[in-house]
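Here is what each chain is made of, one letter per residue.
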Amino acid sequence: MWSQKEITLKPKSRGFHLITHEILQSVDELKNFNLGMMNIFIQHTSACLTINENADPTVRQDFENFFNKSIPENEPYYLHMDEGSDDLPAHFKSSILGNSLNIPVTNGRLNMGIWQGIYLGEHRNHAGSRRLVITIQGE
Amino acid sequence: MWSQKEITLKPKSRGFHLITHEILQSVDELKNFNLGMMNIFIQHTSACLTINENADPTVRQDFENFFNKSIPENEPYYLHMDEGSDDLPAHFKSSILGNSLNIPVTNGRLNMGIWQGIYLGEHRNHAGSRRLVITIQGE
Amino acid sequence: MWSQKEITLKPKSRGFHLITHEILQSVDELKNFNLGMMNIFIQHTSACLTINENADPTVRQDFENFFNKSIPENEPYYLHMDEGSDDLPAHFKSSILGNSLNIPVTNGRLNMGIWQGIYLGEHRNHAGSRRLVITIQGE
């Protein structure tokens, strides 16, 4: 049994955002899967998807600060600068953190740990909406 | 054909551990899959799963040292400090290295390269046991 | 419906290479999948697979320079040095960037964004050919 859909996330500010609820609202059919796997794929190269702590909002703030510090803008050796100083670091962040998630499905629900949430990392200063492809398979 | 189970790894010391054998011991049904995919998902946000060199134990030691150096504890700008100085860096490591693996299955075996092994990265100083969800699908 | 094959990529120079075309040429059967998922798995621990910007070649050059700077060779505390100074950093890069991709399949095509391409990150100075396992499933 397969389900696949494309959804569009509303534009978000630069930073890490908890989108678990936004994802779940868009896949009502998840409840029909007794056992399976859900893949979430972002069709962009300057944003990321990752799973992390869903409770304390300062974790997301620390993520933004840590990755900005580790992956700085405007390094003198950067070549790809035409799309703004935030663009190339956004590409690095996207590849480091990843652009797709695979989450097991059990009894019609995502089988994550209780402290796990789905993050969208928006790495551009003025991004538009972001398109995701959500594929669920199972039985 | 689907198989899914939750297993618990015994508590491990901080560092990178080769768990290929521990995984394989828990999925006897793998031999029934002629062709497919295995997903291993860790239900925690302060440990990781990754695949790397399975032969020389100093590689795992170098992993621990490198990631501790690149992702330091106690940076003055960190906000999320309530759970100990090892907690926030553990969250970063988990998202950078990943919390799930997808490994092809061929003729009843994981079709990895001969030098590849499955690592658990335990990033907390005093972690408890870790829960994994292992999902195999195929034919 | 499942398809699985192993392919060998020609040896490549150290750096990031766009291999979307090389992948697609090897999976003619992709057109038979109306909806599904493709997994690409690299059987090596000193190269990586990632998805990023497919247009401007300076992005790949910046990737090579950025990861060489962030993950230096010959740090005094490194232990695993027997296989050359490029080997241990190659292992780190492989785990940070990842060794497998999952890409949704829609109407017989990879459903990536228009700016997304598949990168092979070759992290050794003098690598041989690289083996990939490509698994497609769907309906």
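We now turn to the structure provided with this report. Small disclaimer: the values here were computed from a predicted structure and weren't measured.

### Remarks on the overall build of chain A
If you tally the helices and strands in chain A, you get 3 helices and 8 strands. Secondary structure elements in chain A, listed N-terminal to C-terminal, are β-β-α-β-β-α-α-β-β-β-β. Projecting the C-alpha coordinates of chain A onto the three principal axes gives extents of approximately 50 × 30 × 20 Å. Of all intrachain contacts in chain A linking residues separated by at least 6 positions in sequence, the fraction that spans at least 24 positions is 83%. Split by element, the accessible area of chain A, about 5,200 Å² in all, is 48% carbon and sulfur. Across chain A, the mean location of the 12 positive side-chain charges is 5 Å away from that of the 16 negative side-chain charges.

### A few points about unusual backbone geometry
Residue and element names in this part refer to chain A. Positive phi, normally seen in glycine, also occurs at Asn74, with a value near 60°. As for its placement among the helices and strands, Asn74 is situated in the loop between helix H2 (57-70) and helix H3 (87-97). You will see that Asn107, though not glycine, has its phi angle at about 50°, which is positive. Here Asn107 lies in the loop between strand S5 (100-106) and strand S6 (109-110).

### Quick word on the pairing of strand S8 (residues 130-138) of chain A
Residues and elements named next belong to chain A. For S8, the tally of buried residues reaches 8 of 9 residues, placing the bulk of the element in the interior. Sheet analysis places strand S1 (residues 2-9) next to S8, joined by 8 bridges and oriented antiparallel. Paired with Trp2 across the bridge in S8 is Gln137. Looking at chain direction, strand S3 (residues 35-42) and S8 are connected through 7 bridges and run antiparallel. If you follow Met37 over to S8, its bridge partner there is Gln137.

### Considering the relation of the copies chain A and chain C
Between chain A and chain C, the superposition needs a rotation of 120° and an axial shift of 0.0 Å, giving an RMSD of 0.0 Å. The operation mapping one copy onto its partner corresponds to a three-fold rotation axis. Among all C-alpha atoms of chain A, that of Ile96(A) lies closest to the rotation axis, at 3.4 Å. Both copies present different contact surfaces, since only 10% of the interface residues of chain A are interface residues in chain C too.

### Examining the relation of the copies chain A and chain B
Aligned on chain B, chain A shows an RMSD of 0.0 Å; the corresponding rotation is 120° and the shift along the axis is 0.0 Å. In this assembly, only 9% of the residues forming the interface of chain A have copies in chain B that are likewise at the interface, indicating a heterologous arrangement.

### Looking at the nonpolar core
Counting residues in each nonpolar core, the largest one holds 39 residues, and the members touching the most others are Phe67(A), Phe67(B) and Phe67(C). Those elements giving two or more residues to this core turn out to be H2 and H3 of chain A, helix H2 (57-70) and helix H3 (87-97) of chain B together with helix H2 (57-70) and helix H3 (87-97) of chain C. Discounting chain neighbours no more than four positions away, the residues touching Phe67(C) are Phe92(A), Ile96(A), Phe16(C), Lys93(C) and Leu97(C).

### Regarding the interface of chain A and chain B
Taken together, the contacts link 32 residues of chain A with 31 residues of chain B. Between chain A and chain B the total buried area reaches about 2,600 Å² when both faces are included, carbon and sulfur atoms providing 57% of it. Together, Asp62(A), Phe66(A) and Gln116(A) form the three largest contributors to the area buried by chain A at its contact with chain B, with a combined 23%. On inspection of chain A and its partner chain B, the count reaches 1 salt bridge. Note that Lys69(A) is salt-bridged to Glu75(B), the shortest N-O span being 3.6 Å. Joining chain A to chain B, the criterion identifies 13 residue pairs in polar contact (both at pLDDT 80 or more). Sorting the residues of the side of chain A that touches chain B by element identifies S3, strand S4 (47-53), H2, H3, S5 and S8 of chain A as the ones contributing at least two each. Tallying contributions element by element places H2(A) first for the side of chain A that touches chain B, with 9 residues.

The rules behind the values
Residues numbered from 1 in each chain as written. Chains lettered and ligands numbered in written order. Predicted model: local features only at pLDDT ≥ 70, side-chain atom pairs only at ≥ 80, totals over all residues. Heavy atoms only, no water. Helix = DSSP H or I, 4+ residues; strand = E, 2+ residues; numbered from the N terminus. Contact = heavy atoms within 4.5 Å. Areas by Shrake-Rupley, 256 points an atom, 1.4 Å probe, with all protein chains shown as cover. Lys, Arg positive; Asp, Glu negative; His and termini not counted. Charge placed at Lys NZ, Arg CZ, Asp CG, Glu CD. Buried < 20%, exposed > 50% of the residue type's maximum accessible area, 1.4 Å probe, protein only. Pairing = 2+ DSSP bridges. Least-squares fit on C-alpha atoms with pLDDT ≥ 70 in both. Core = buried A, V, L, I, M, F, W, Y, C linked by side-chain atoms within 4.5 Å. Buried area = accessible area lost by both parts, 1.4 Å probe. Salt bridge = Lys/Arg side-chain N within 4 Å of Asp/Glu carboxyl O. Polar contact = N/O pair within 3.5 Å; in protein donor to acceptor, adjacent residues only side chain to side chain.

The quantities given are spatial measurements derived from coordinates; they are silent on function.
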